[in-house]
Amino acid sequence: MTNTATSEITVSSARRWAMLAASTLAQAAAAVTIHGPAFLIPVLHERRGLSLAESGTVAAAPTLGVMLTLVVWGAVVDRRGERFVLIVGLAATAVAGVLSAMADSTALLALTLFLAGAAAASTASASGRVVVGWFPPERRGLAMGIRQMAQPVGVGVGAISIAVIADRHGISTALWVPTLAALVALAITAAVVLDPPRPARTDAEHVANPYRTDGFLARIHGVSVLLVVPQFLVWTFALVWLTDDRDWSPAAAGALVGASQVVGALGRIAAGQLSDMVRSRLRPLRWVAIAAALSMGALGLTAHLDWGIAVALMVLATTVTVADNGLAFTAVAERAGPFWSGRALGAQNTAQYLAASAVPPIAGLVVTQWGYAATFAVAALFPLIAVALVPVRDERALT
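This one's a predicted model, so the numbers in the text were calculated from it and none came from an experiment.

Rules of the game
- Residues numbered from 1 in each chain as written.
- Predicted model: local features only at pLDDT ≥ 70, side-chain atom pairs only at ≥ 80, totals over all residues.
- Heavy atoms only, no water.
- Core = buried A, V, L, I, M, F, W, Y, C linked by side-chain atoms within 4.5 Å.
- Buried < 20%, exposed > 50% of the residue type's maximum accessible area, 1.4 Å probe, protein only.
- Helix = DSSP H or I, 4+ residues; strand = E, 2+ residues; numbered from the N terminus.
- Domains from an automatic or database assignment.
- Contact = heavy atoms within 4.5 Å.
- Patch = residues over 30% accessible without salt bridge, like charges linked within 9 Å, V, L, I, M, F, W, Y side chains within 5 Å.
- Areas by Shrake-Rupley, 256 points an atom, 1.4 Å probe, with all protein chains shown as cover.
- Salt bridge = Lys/Arg side-chain N within 4 Å of Asp/Glu carboxyl O.
- Polar contact = N/O pair within 3.5 Å; in protein donor to acceptor, adjacent residues only side chain to side chain.
- Axes fitted to C-alpha atoms, helices over the stretch in contact; angles between N-to-C directions.
- Parallel < 35°, antiparallel > 145°, perpendicular 65-115°, else oblique.
- Left-handed = near helix turned anticlockwise from the far one by under 90°.
- Nonpolar A, V, L, I, M, F, W, Y, C, P; charged D, E, K, R; others polar.
- Phe/Tyr/Trp six-rings, centres within 6.5 Å; stacked < 30°, edge-to-face > 60°.
- Lys NZ or Arg CZ within 6 Å of the ring centre and 35° of its normal.

K.L.:
For the nonpolar core, give the residues involved together with the corresponding values.
P.N.:
Judged by nonpolar contacts, the single largest core of 33 residues is most densely connected at Ile220, Leu282 and Leu285. For this core, the elements supplying multiple residues, two or more each, are α7 (122-134), α8 (137-147), α13 (216-244), α15 (282-305), α17 (324-336), α18 (341-370) and α20 (381-389). For this core, the element with the highest residue contribution is α17, accounting for seven residues. A domain-level breakdown of this core finds at least three residues from each of domain 1 (14-196) and domain 2 (213-398). Those residues in contact with isoleucine 220, other than ones at most four positions away along the chain, are Leu282, Leu285, Ala328, Val332, Gln348 and Pro391. Residues Phe232, Ala238, Ala310 and Val311 belong to the second largest nonpolar core, which totals 29 residues.

K.L.:
Tell me about a nonpolar patch on the surface, residues and numbers included.
P.N.:
A surface patch of nonpolar side chains, about 510 Å² in accessible area, is lined by Leu274, Met277, Trp287, Ile290 and Leu294. Looking at the nonpolar patch, the elements that each hand over two or more residues are α14 (250-278) and α15. With three residues, the single largest contributor to the nonpolar patch is α15. Residue placement: leucine 274 occurs in helix α14. Of the residues examined, leucine 274 reaches a relative accessible area of 32% and is grouped as partly exposed.

K.L.:
Requested: an account of the environment of arginine 335, with residues and values cited.
P.N.:
On the secondary structure map, arginine 335 appears in helix α17. For the pair arginine 335 and phenylalanine 216, spaced 119 residues apart in sequence, the C-alpha to C-alpha distance is 8.1 Å. Polar contacts involving the side chain of arginine 335 include one to the side chain of aspartate 214, which spans 3.5 Å.

K.L.:
Tell me what's going on with the packing of α13 against α15, and back it up with residues and numbers.
P.N.:
Geometrically, a packed helix pair is captured by the angle between its two axes and the distance between the axes. For the pair α13 and α15, interaxial distance at closest approach is 12 Å and the crossing angle is 30 degrees. Relative to α15, the element α13 is oriented roughly parallel. As for the relative orientation of α13 and α15, their crossing is left-handed in sense. Here Phe216, Ile220, Val223, Leu227, Pro230, Leu233, Val234 and Trp241 of α13 lie close against α15, whose contacting residues are Leu282, Leu285, Ala289, Met296, Leu299 and Ala303. Across the contact of α13 with α15, the residue classes tally to 14 nonpolar, no polar and no charged.

K.L.:
Now, about the packing of aromatic side chains: what can you tell me, with residues and values included?
P.N.:
Inspection of the entire model under this criterion finds three aromatic pairs. Seen from their ring centres, tryptophan 17 and phenylalanine 135 are 5.0 Å apart, and the 85 degrees between their planes marks the pair as edge-to-face. You can see tryptophan 17 sitting in helix α2 (residues 13-35) and its partner phenylalanine 135 sitting in the loop between α7 and α8, a full 118 residues away along the chain. Aromatic side chains tryptophan 241 and phenylalanine 376 sit 5.7 Å apart centroid to centroid with 90 degrees between the ring planes, which places their arrangement in the edge-to-face category. In this pair, tryptophan 241 sits in helix α13 while phenylalanine 376 sits in helix α19 (residues 372-379), placing the two residues 135 residues apart along the sequence. With respect to class, tryptophan 241 is no different from phenylalanine 376; both count as buried. Through pairs of rings, three or more aromatic residues link up here, namely Trp241, Tyr372 and Phe376. Above the ring of phenylalanine 84, the side-chain terminus of arginine 80 is found at 4.1 Å from the ring centroid. Over the face of the ring belonging to phenylalanine 216 we find arginine 335, whose NZ or CZ atom lies 3.9 Å from the ring centre.

Below, the structure is given as structure tokens:
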């Protein structure tokens, strides 16, 4: 259904929440597709004889597909609508998933995973736009916080299912997990989601390029990139820090890291609800940046002193450093408007993916030279810079 057809529709509260659930499911299915192949690395390495570098390259193929297509999908959202993009994108994700399960060589596997990631990128802008378009400003932060739970949930599903199935039944069987997730999300999306209403495209105020108006969007992108650094540092190295420096068993460390992800997902909802209560996305975003700087600094200090509280601070840092995602995403969509938010959200996610891909190798070098404690402490500088970069005023965002 086109935006013109839905421009006058008023949906019930139940339908609105159903569309939020469908959008969250679509994003979670995309997360399984994008991040799930990482859990194939042990089988690729141990049974197919690939080096760790080669296995990592195969696992990273979906992420490369995402980075190259996010802005393109966002432009399609702006032109054709959210429902169209979700249906086409999820269908293409499922097709690519089938092809990846049938791949009989490493090169073909990497190519099909790349295509799956490129298709799954469709959900990023489209599902976000559904939430922003159908929820009123006073409920939008909470709704987006719920939608932002999709990534850790998707990663969790991949960790629980793909790794075990690949170990017991092989890679081809394991790759049916993201394929089936995409098919389920496609069916529910087709049944539930409508394009949110938009003003007439002839209205110049809504069509004007928001990047030329002021530096608001560019600053939010910059803040998000800076906050990605401590987020992915903790995500990547928490487990190995616990096992190497704290002498935890891999099972215990994995359980704590998994629990931290759940807490972080709930933190995204809390941050969104707070932004609704204070009627601002930017003030809570600034508070999150301050808290991230303090928690990472405290983690670095206590890790250096070898205090037991460092473990609790790691959980706190994991929670705080992901709380900004929904706030920034909502702020970008609200400021960009209905005819530019697809591209703006695509740019937002692309910038974050680029920064996230650079964190593990660079941080690995820093850890090797300076140790974990110093690396955690250095990471505190990035959210500290972000505090100053958050725009001061955002009255237009919640109108």
